[in-house]
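# Fold and geometry: a report
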Amino acid sequence: QKEVEQNSGPLSVPEGAIASLNCTYSDRGSQSFFWYRQYSGKSPELIMFIYSNGDKEDGRFTAQLNKASQYVSLLIRDSQPSDSATYLCAVAPNRDDKIIFGKGTRLHILP
Amino acid sequence: SAVISQKPSRDICQRGTSLTIQCQVDSQVTMMFWYRQQPGQSLTLIATANQGSEATYESGFVIDKFPISRPNLTFSTLTVSNMSPEDSSIYLCSVGTGDADTQYFGPGTRLTVL
């Protein structure tokens, strides 16, 4: 059973601080990793994807991948109240395969 | 990314009836998927909609309950048949762009079954 695990939260972070969201996955052969943001009542929105070990930065967002530890994280710098949402980690076990979603972490940025 | 629309955006239906949800994409895409998201839960894949052939269903989902059509590379429908209150959920279509499994989601259809 291929699984993606996330802490459900809520994770509360003061405005302006760094929010750190974590995810582990069970399939060591996984190839592609995604972070989606979902506001309440809305559909998931892709914010980052990463394929290679290391860091990938896009604006205030940094995705970190460690395949040896089967661990992927998302850092949000200078957190804003508008970042308050549920963040879904998703993993593609193989290229051209369906992706598996974690249950999501609820992030709350405190003004 | 592709622009994806879904119809209807929401509906309230009676037990025992069926609802067909449409998903339209503004460009041709290889992969289309249908998901369900129950209140407070994460996404559950129902099936992969295959163009020109029968959909591929995930464990726990069957064609008689969730028939899917994919007549071309820009359009798909999901029907929720013989509905019960347990089918109340948000139904989402997503498309794969071919860029290493990246998927983008439509706005969703919020279904309430009374």
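This text goes with the structure placed above it.
Here's a quick rundown of the structure. No experiment lies behind these values; they were computed from the predicted model shown.

## Some remarks on the sheet that holds strand 8 (residues 75–80) of chain B
All names here are of chain B. What the four strands build is an open sheet, ordered 1-3-8-7; its pairing is antiparallel. The sheet is open, and its two edges are formed by strand 1 (4–7) and strand 7 (68–72), each paired on a single side. Within the sheet, the average angular offset between the axes of one strand and its neighbour, ignoring direction, is 15°. Where strand 1 and strand 3 (residues 19–25) come together, four bridges link them in antiparallel fashion. By the bridge assignment for strand 3, Gln6 is matched with Cys23.

## With respect to the packing of aromatic side chains
Following the criterion strictly, the structure yields eight aromatic pairs over all chains and no others. Plain terms: the ring middles of A:Tyr36 and B:Phe105 are 5.6 Å apart, the flat faces sit at 80° to each other, and that makes the pair edge-to-face. Here B:Phe105 lies in strand 10 (residues 103–105) and A:Tyr36 lies in strand 4 (residues 32–38), a pairing that spans two chains. Ring-pair connections join several aromatic residues into one group, and the members of that group are A:Tyr36, A:Phe101, B:Tyr35 and B:Phe105. A:Lys56 extends its terminal NZ or CZ atom over the ring of A:Phe49, reaching a point 3.7 Å from the ring centre. A:Arg60 extends its terminal NZ or CZ atom over the ring of A:Phe61, reaching a point 5.6 Å from the ring centre.

## Notes on the pairing of strand 11 (residues 105–110) of chain A
Residue and element names in this part refer to chain A. The side-chain alternation of strand 11 yields one buried face, formed by Thr105, Leu107 and Ile109, and one unburied face, formed by Arg106, His108 and Leu110. As paired strands, strand 2 (residues 11–14) and strand 11 are joined by four bridges and run parallel to one another. Across the sheet, the residue bridging to Val13 is Ile109, located in strand 11. Pairing analysis gives three bridges linking strand 9 (residues 85–92) to strand 11, with the strands arranged antiparallel. By the bridge assignment, Thr86 is partnered in strand 11 with Arg106.

## Notes on the sheet that holds strand 3 (residues 19–25) of chain A
Spatially, 1-3-8-7-6 (chain A) is the arrangement adopted by the five strands of the open sheet, whose pairing is antiparallel. Unpaired on one side and paired on the other, strand 1 (4–5) and strand 6 (54–58) of chain A mark the two borders of the sheet.

## Quick notes on the state of the cysteines
Residue and element names in this part refer to chain A. If you walk through the whole model with that rule in mind, you get two disulfides over all chains. For Cys23, the disulfide goes to Cys89, at an S-S distance of 2.1 Å. Because the torsion about its S-S bond is -75°, the bridge between Cys23 and Cys89 counts as left-handed. Taken together, the positions of Cys23 in strand 3 and Cys89 in strand 9 put the pair 66 residues apart, joining distant regions of the chain. Taking the relative accessible area as the measure of exposure, Cys23 reaches 1% and is therefore buried. Looking at Cys89, the relative accessible area reads 0%, which means it is buried.

## Some words on the interface of chain B and chain A
With 18 residues of chain B in contact, the opposing surface of chain A contributes 21 residues. Across the interface of chain B and chain A, roughly 1,500 Å² is buried in total on both sides, 54% from carbon and sulfur atoms. Across the chain B-chain A interface, the total number found is one salt bridge. For B:Glu58, the salt bridge is made with A:Lys98, and the minimal N-O distance between the two is 3.7 Å. At the boundary of chain B and chain A, one finds four residue pairs in polar contact (both at pLDDT 80 or more). A breakdown of the residues in the side of chain B that touches chain A according to their chemical character gives nine nonpolar, five polar and four charged.

## Thoughts on the environment of B:Arg110
For B:Arg110, the location among the structural elements is in strand 11 (residues 109–113). With a relative accessible area of 33%, B:Arg110 lands in the partly exposed category. In the structure, B:Arg110 is positioned 73 residues away from B:Gln37 in sequence and 9.4 Å away in space, judged by C-alpha atoms. For B:Arg110, the contacting residues outside a window of four places in its chain are A:Gly41, B:Ser9, B:Arg10, B:Asp11, B:Ser89 and B:Ile90.

Cut-off values and rules
- Residues numbered from 1 in each chain as written.
- Chains lettered and ligands numbered in written order.
- Predicted model: local features only at pLDDT ≥ 70, side-chain atom pairs only at ≥ 80, totals over all residues.
- Heavy atoms only, no water.
- Pairing = 2+ DSSP bridges.
- Helix = DSSP H or I, 4+ residues; strand = E, 2+ residues; numbered from the N terminus.
- Axes fitted to C-alpha atoms, helices over the stretch in contact; angles between N-to-C directions.
- Phe/Tyr/Trp six-rings, centres within 6.5 Å; stacked < 30°, edge-to-face > 60°.
- Lys NZ or Arg CZ within 6 Å of the ring centre and 35° of its normal.
- Buried < 20%, exposed > 50% of the residue type's maximum accessible area, 1.4 Å probe, protein only.
- Disulfide = S-S within 2.5 Å.
- Contact = heavy atoms within 4.5 Å.
- Buried area = accessible area lost by both parts, 1.4 Å probe.
- Salt bridge = Lys/Arg side-chain N within 4 Å of Asp/Glu carboxyl O.
- Polar contact = N/O pair within 3.5 Å; in protein donor to acceptor, adjacent residues only side chain to side chain.
- Nonpolar A, V, L, I, M, F, W, Y, C, P; charged D, E, K, R; others polar.

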